[in-house]
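Spelled out, the chains give:
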Amino acid sequence: MRHLLSTEGLRREQAEALLDTAASMEQALTGRAVRKLPTLRGRTVVTLFYENSTRTRVSFEVAGKWMSADTINVSASGSSVGKGESLRDTASTLAAAGADAIVVRHPASGAPHRIAGWLDRVGHSHTDGHVAVVNAGDGTHEHPTQALLDAATLRKRLGTDLTGRRVAVVGDVLHSRVARSNAHLLATLGAEVTLVAPPTLLPAGVDAWPVTVTHDLDAHLATGPDAVMMLRVQAERMHGGFFPSAREYAVRFGLNQRRADTLPDHAVVLHPGPAVRGMEIASSVADSDRAAIGEQVTAGVHVRMAVLYHLLAGEDVA
Amino acid sequence: MPTRRRGGPVPNGASNAEGERELLSSADLARTVARIAHEILEKTAESGAPVVLLGLPTRGIHLARRLAERITAIDADTTVGVGTLDPTLYRDDLRRQPTRPLAETDIPAGGIDDVIVVLVDDVLMSGRTVRAALDALRDHGRPRAVQLAVLVDRGHRELPIRADYVGKNVPTNRAEDVAVSLLESDGADGVAIR
């Protein structure tokens, strides 16, 4: 694997290798006095964020540091991007400065693919195609490490084999890269994914996804899914009215206590965060044992360690 | 029995059609494990420190468990901790080969501070695995002493490392392959060279 740009197209054995490695990473670090591995000593990981983020950026940074990589954060504000430098030149500069991996978050879908394409170009002056690109969220397209950490969390709660497990993905699918990445990854892992969303918040072309779609949350919860993945309502990406009011959204698509009570005992509730409590998910549900929101964050570090390990530790078999 | 050779098929005696030569039979292997168990007891008893056997994946783990069983069978008063240590993330050659799957690391609950750790592996060759294991150990605590037990020492060391307990010294050609089979992972006990 040269880059991690999307979960679409990831083969099942690749996905499972990443998830198994993430579990090993967790296991390798548990109960230790020193939470540091020398694995990526001498390698440099740059996080290049054109959008704000706390958990994803910190998670990559911690993952890199725990494996002894040098991690450097670049955010669009306060960098040459503010002076009008193009994405291509910024990426090229980071590569020339010695980055072994560039972790990119960008508001435009496809930006990490473009960077990977530029850096892979034969004869790239500085890198010879040795820079790995990781998509840390691009527009409304994909967020593969989030999907991997969700899958890692589900594997911990439901068992390693997700074949036949039924996962509901609820809310703003249209603006959610998390939903898209999860739909593809979970399907690859053998799970059955159902999207539950108002028709206005479903993307065009959703029929091509490996999922089923419904607009009725209560009816779907009554079928007893193994996991319910709540999405964030991405107000910052909405230009126009997608639903009448926050109140109505909460009534139809929020996971309140009454709805959570109808779930089977083993069912897990996930939320990628940051959660809008009271609208997407009731506080009592988010804080209950059923919710795995904190575990998702922890799994995120292990998953990102696994991704960096697979991209940077082994031989370049390009 | 094992003689030094320069590769190629073995001409005589114990070799089979595939050019494989038996170094230890199942019974030899059991006797060897028993002898190492005695040696570990003898060598560690005087210090009075607790002993923890840490197996290196994959077959070292099985050997460590067998050694612990033997030690307890010989001397019921001795308590031996058993665990596993995967040094993969500490290897210095990660970038030279495809990424390898990671195995389990399981340090006994009491930790390894002030105990005698015996690293257990099936075959000792370059010594790089052991070096990685020593580095890994350092991140888990500070043992009083670290010793090394191996079933087969085949030479070709690349680092100044030697084993405290050796089941069998087998001078080998680099092109040869020493295959250790254990009941737990391979269905039968034995050591062969091919």
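Residues numbered from 1 in each chain as written. Chains lettered and ligands numbered in written order. Predicted model: local features only at pLDDT ≥ 70, side-chain atom pairs only at ≥ 80, totals over all residues. Heavy atoms only, no water.

The name an unreviewed UniProt entry assigns to chain B is Bifunctional protein PyrR, from the organism Actinomycetospora corticicola. UniProt annotates chain B under Catalytic activity (unreviewed entry) with the comment "UMP + diphosphate = 5-phospho-alpha-D-ribose 1-diphosphate + uracil". Of the comments in the UniProt record for chain B, the one headed Sequence similarities (unreviewed entry) reads "Belongs to the purine/pyrimidine phosphoribosyltransferase family. PyrR subfamily." (UniProt positions renumbered as here; feature names shortened; annotations may be inferred.)

### Topic: the overall build of chain A
Helix and strand counts for chain A come out as eleven helices and nine strands. The C-alpha radius of gyration computed for chain A amounts to 19 Å, which stays within 12% of the reference 20 Å derived for 318 residues, consistent with globular compactness. Dimensions of chain A, computed from the C-alpha atoms along their principal axes, are close to 55 × 45 × 35 Å. Counting the 318 residues in chain A, one finds 57% classified as buried. The long-range share in chain A, meaning contacts at least 24 apart out of those at least 6 apart in sequence, stands at 81%. With an accessible surface of roughly 12600 Å², chain A has 50% of that area assigned to carbon and sulfur atoms. Once the 32 positive and 33 negative side-chain charges of chain A are each reduced to a mean point, those two points are 4 Å apart. (Helix = DSSP H or I, 4+ residues; strand = E, 2+ residues; numbered from the N terminus. Rg over C-alpha atoms; globule rule 2.2 N^0.38 Å. Buried < 20%, exposed > 50% of the residue type's maximum accessible area, 1.4 Å probe, protein only. Contact = heavy atoms within 4.5 Å. Areas by Shrake-Rupley, 256 points an atom, 1.4 Å probe, with all protein chains shown as cover. Lys, Arg positive; Asp, Glu negative; His and termini not counted. Charge placed at Lys NZ, Arg CZ, Asp CG, Glu CD.)

### A short note on the pairing of strand β1 (residues 44-49) of chain A
Residues and elements named next belong to chain A. In terms of burial, β1 is largely enclosed, as six of its six residues are buried. Of the two faces of β1, the one lined by Thr44, Val46 and Leu48 and the one lined by Val45, Thr47 and Phe49 are each fully buried. Here β1 runs beside strand β2 (residues 70-75); their pairing, made up of six bridges, is parallel. Along β2, the bridge assignment pairs Phe49 with Ser75. Handedness of the β1-helix α2 (residues 55-66)-β2 crossover: right-handed. Note: β1 against strand β3 (residues 101-106), five bridges, orientation parallel. (Pairing = 2+ DSSP bridges. Right-handed = clockwise from strand over helix to strand, strands pointing away.)

### Digging into the interface of chain A and chain B
The interface is formed by 19 residues belonging to chain A together with 17 residues belonging to chain B. Summed over the shared surface of chain A and chain B, the number is zero salt bridges. Taken together, the connections running from chain A to chain B amount to two residue pairs in polar contact (both at pLDDT 80 or more). Taken together, the elements giving at least two residues each to the side of chain A that touches chain B come down to α1 (12-29) and α11 (293-313) of chain A. Across the side of chain A that touches chain B, the residue classes break down as nine nonpolar, six polar and four charged. (Salt bridge = Lys/Arg side-chain N within 4 Å of Asp/Glu carboxyl O. Polar contact = N/O pair within 3.5 Å; in protein donor to acceptor, adjacent residues only side chain to side chain. Nonpolar A, V, L, I, M, F, W, Y, C, P; charged D, E, K, R; others polar.)

### Points about the pattern of salt bridges
Per the counting criterion, the structure on display carries 29 salt bridges over all chains. Between Glu16(A) and Arg12(A) there is a salt bridge; the shortest N-O distance is 3.3 Å. Here Glu16(A) pairs with Arg12(A), and both are found in helix α1, just four residues apart, close to one helical turn. The exposure class assigned to Arg12(A) is partly exposed, which follows from its relative accessible area of 28%. The residue Arg66(B) makes a salt bridge to Glu184(B) at a minimum N-O spacing of 2.7 Å.

### A few points about the sheet that holds strand β8 (residues 227-230) of chain A
Residue and element names in this part refer to chain A. Ordered in space as β7-β6-β5-β8-β9, the five strands form an open sheet in which the pairing is parallel. Two strands close off the open sheet at either side, each with one partner strand: β7 (212-214) and β9 (268-270). When the angles between neighbouring strand axes are averaged without regard to direction, this sheet yields 20°. Relative to β7, strand β6 (residues 192-196) runs parallel, the two being bridged by three bridges. The residue of β7 that forms the bridge with Val196 is Thr214. (Axes fitted to C-alpha atoms, helices over the stretch in contact; angles between N-to-C directions.)

### What about the sheet that holds strand β3 (residues 80-84) of chain B?
All names here are of chain B. In space, the five strands of this open sheet follow the order β3-β2-β4-β5-β6, with parallel pairing throughout. Lying at the two open borders of the sheet, with one neighbouring strand each, are β3 and β6 (165-169). Averaged over neighbouring strand pairs, the angle between their axes works out to 20° when direction is ignored. Two elements, strand β5 (residues 145-153) and β6, share four bridges in a ladder whose sense is parallel.

### Re the side chain of Ser53(A)
Residue and element names in this part refer to chain A. One can find Ser53 in the loop between β1 and α2. For Ser53, the side chain forms a polar contact with the main-chain nitrogen of Thr56, separated by 3.3 Å. At a separation of 3.5 Å, a polar atom in the side chain of Ser53 contacts the main-chain amide nitrogen of Arg57.

### What about the packing of helix α5 (residues 144-158) of chain A against α11(A)?
Residue and element names in this part refer to chain A. The interhelical angle for the contact between α5 and α11, taken along N-to-C directions, is 115°, at an axis separation of 8 Å. Read as a crossing pair, α5 and α11 show a hand that is right-handed. Contacts from Thr145, Gln146, Leu148, Leu149, Asp150, Ala152, Thr153 and Arg157 in α5 reach Glu295, Gln296, Ala299, Gly300, Val303, Arg304 and Val307 in α11. Here the residues of the contact of α5 with α11 sort into six nonpolar, five polar and four charged. (Left-handed = near helix turned anticlockwise from the far one by under 90°.)

### Observations regarding the confidence of the model for chain B
Detailed reading of predicted coordinates is not advised where the pLDDT is low. All names here are of chain B. The pLDDT averaged across chain B works out to 88; a share of 91% of its residues lies at or above 70. Confidence drops under a pLDDT of 50 for residues 1-13, and excluding neighbours within four residues, the segment shows 19 contacts in the predicted structure. Of the two predicted TM-score estimates for the complex, the pTM is 0.86 and the ipTM is 0.73. (pLDDT = per-residue confidence, 0-100.)

### Notes on the UniProt feature "domain: Phosphoribosyltransferase" (unreviewed entry) in chain B
Sequence positions flagged by UniProt for "domain: Phosphoribosyltransferase" (unreviewed entry) are, in local numbering, residues 23-171 of chain B. For residues 23-171 of chain B, the end-to-end C-alpha separation is 11 Å, with 33% helix and 23% strand making up the annotated structure.

### As for the side chain of Ser68(A)
All names here are of chain A. With respect to the secondary-structure elements, Ser68 resides in the loop between α2 and β2. A distance of 2.5 Å separates a polar atom in the side chain of Ser68 from the backbone oxygen of Leu37. If near-sequence neighbours (up to four positions away) are discounted, Ser68 is found in contact with Lys36, Leu37, Pro38, Leu40, Arg41 and Gly42.

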